[in-house]
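In case you want the letters, here they are:
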Amino acid sequence: MSLIAKSRENFEAFLLLKEHGATRKDYNFYAPAIHCCYYSCFQKMVHILKEYFTDEYERVNTKESNSHSLLISTFTDCYSNGFAENSSRVNRYLKQLKALRQRSDYGDVMVSEQEMNKASEYLANFNKIIKEDIKL
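Since we're looking at a predicted model, the values are computed, not measured. (Residues numbered from 1 in each chain as written. Predicted model: local features only at pLDDT ≥ 70, side-chain atom pairs only at ≥ 80, totals over all residues. Heavy atoms only, no water.)

### A closer look at the packing of helix H1 (residues 3-20) against helix H6 (residues 113-134)
Any two packed helices are characterised by the angle at which their axes cross and by the distance between the axes. Note the cut-off: Each axis is a line fitted through C-alpha atoms, taken for helices only over the stretch in contact, and angles between the N-to-C directions span 0 to 180 degrees. In this text, helices come from DSSP runs of H or I with a minimum length of four residues, and strands from runs of E with a minimum of two, each type numbered from the N-terminal end. If an angle is under 35 degrees, it is roughly parallel; if it is over 145, roughly antiparallel; if it lies from 65 to 115, roughly perpendicular; otherwise it is oblique. Handedness of a crossing follows from how the near helix is turned relative to the far one, being left-handed for an anticlockwise turn of less than a right angle and right-handed for a clockwise one. It only takes one pair of heavy atoms within 4.5 Å for two residues to be counted as in contact.
Remark: H1 packs on H6, axes separated minimally by 12 Å, with the N-to-C direction vectors making an angle of 150°. Taken together, the axis directions place H1 and H6 in an arrangement best described as roughly antiparallel. As for how H1 packs across H6, the hand of that crossing is left-handed. Between H1 and H6, the residues in contact are Phe11, Phe14 and Lys18 and Met116, Ser120, Leu123 and Asn127, respectively.

See below:
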């Protein structure tokens, strides 16, 4: 299965989980929704790296150096060469989503509706830029 297909699946899962939102007082579906939101963007980013910036992707995608931060940094550097005006925004959205995902996955907190809305906004903005720049 391609990363683009996985990205779409995570996007659809995000929408379903977001829709269910806070269905109960003691828990909600926002944490897994944010997880899916982040991975939808991350998988699309990795796909772009693999397809358009193959050498850079192969250089950083090793067992020793395979980290999300390194992949995001490499993607942003590569993206700035072709789409300089949007690269800082793409970087910011990915980092903000990553921070929300880490908090929602590992924090001993209940994710708020406000955080869910922020994640949704970052996802929409990221996808809009990628669609405009790369037609993906």
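That covers the picture; the talk isn't over yet.
### Section: unusual backbone geometry
Let me state the cut-off plainly: Burial classes follow relative accessibility: with a 1.4 Å probe on protein chains only, a residue under 20% of its type's maximum area counts as buried, one over 50% as exposed, and anything between as partly exposed.
The phi dihedral of Lys135 is positive, around 65°, even though this residue is not glycine. Residue placement: Lys135 occurs in the segment after H6. What makes Lys135 exposed here is its relative accessible area of 67%.

### A closer look at the nonpolar core
When a protein is soluble and globular, its nonpolar side chains tend to lie buried together. Stated precisely, the cut-off is as follows: Take the buried Ala, Val, Leu, Ile, Met, Phe, Trp, Tyr and Cys residues and link them wherever side-chain atoms come within 4.5 Å; each set so joined is a nonpolar core.
Counting 38 residues, the largest nonpolar core has Met45, Leu71, Phe75, Leu94 and Phe126 as its most contacted members. With 14 residues, helix H2 (residues 30-52) is the single largest residue contributor to this core. Residues in contact with Phe126, not counting those within four places in the same chain, are Cys41, Lys44, Met45, Val90, Tyr93 and Leu94.

### Let's talk about the pattern of salt bridges
Note the following rule: A pairing counts as a salt bridge when a side-chain nitrogen of Lys or Arg comes within 4 Å of a carboxyl oxygen of Asp or Glu.
Taken as a whole and judged by the stated rule, the model has two salt bridges. Across the salt bridge formed by Asp105 and Arg101, the nearest N and O atoms sit 3.2 Å from each other. A residue pair is termed a helical-turn pair when its members lie 3 or 4 positions apart in one helix, as Asp105 and Arg101 do in helix H5 (residues 84-106) at four residues. Since its relative accessible area comes to 28%, Asp105 is described here as partly exposed. Using a relative accessible area of 5% as the deciding quantity, one classes Arg101 as buried. Between Arg103 and Glu115 there is a salt bridge whose closest N-O contact spans 2.8 Å.

### Thoughts on the packing of aromatic side chains
Cut-off, in case you're wondering: Aromatic contacts are taken between Phe, Tyr and Trp rings whose centres are within 6.5 Å, Trp giving its six-membered ring; a plane angle under 30 degrees counts as stacked, one over 60 as edge-to-face, and the others as tilted.
One pass over the full model with this rule turns up six aromatic pairs. Between Tyr79 and Phe83, the aromatic rings sit 4.8 Å apart at their centres with planes inclined by 35°, giving tilted as the arrangement. You can call Phe83 partly exposed: its relative accessible area is 24%. Among the aromatic residues, ring-to-ring pairing joins Tyr38, Tyr39 and Phe42 into one connected group.

### Section: the environment of Leu3
Here Leu3 shows up in helix H1. Excluding its chain neighbours within four sequence positions, the residues that come into contact with Leu3 are Gln43, Val46, His47 and Lys50.

### Some details on the side chain of Asn10
You can see Asn10 is positioned in helix H1. For Asn10, a relative accessible area of 16% puts it in the buried group. Once residues lying within four places of it in the same chain are set aside, the contact partners of Asn10 are Cys36, Tyr39, Ser40 and Gln43.

### A look at the packing of H1 against H2
Rules: Under the grouping applied here, Gly and all other residues not named as nonpolar or charged are polar, the nonpolar ones being Ala, Val, Leu, Ile, Met, Phe, Trp, Tyr, Cys and Pro and the charged ones Asp, Glu, Lys and Arg.
Packing of H1 against H2 brings their axes to within 8 Å, and their N-to-C directions diverge by 160°. The angle between H1 and H2 falls in the class roughly antiparallel. Considering how the two elements wind past one another, H1 and H2 form a crossing that is left-handed. Within the contact between the two elements, H1 uses Leu3, Ile4, Lys6, Ser7, Asn10, Phe11, Ala13, Phe14, Leu17 and Lys18 and H2 uses Tyr30, Pro32, Ala33, Cys36, Cys37, Tyr39, Ser40, Gln43, Lys44, Val46, His47 and Lys50. Among the residues making up the contact of H1 with H2, the classes are represented as 13 nonpolar, five polar and four charged.

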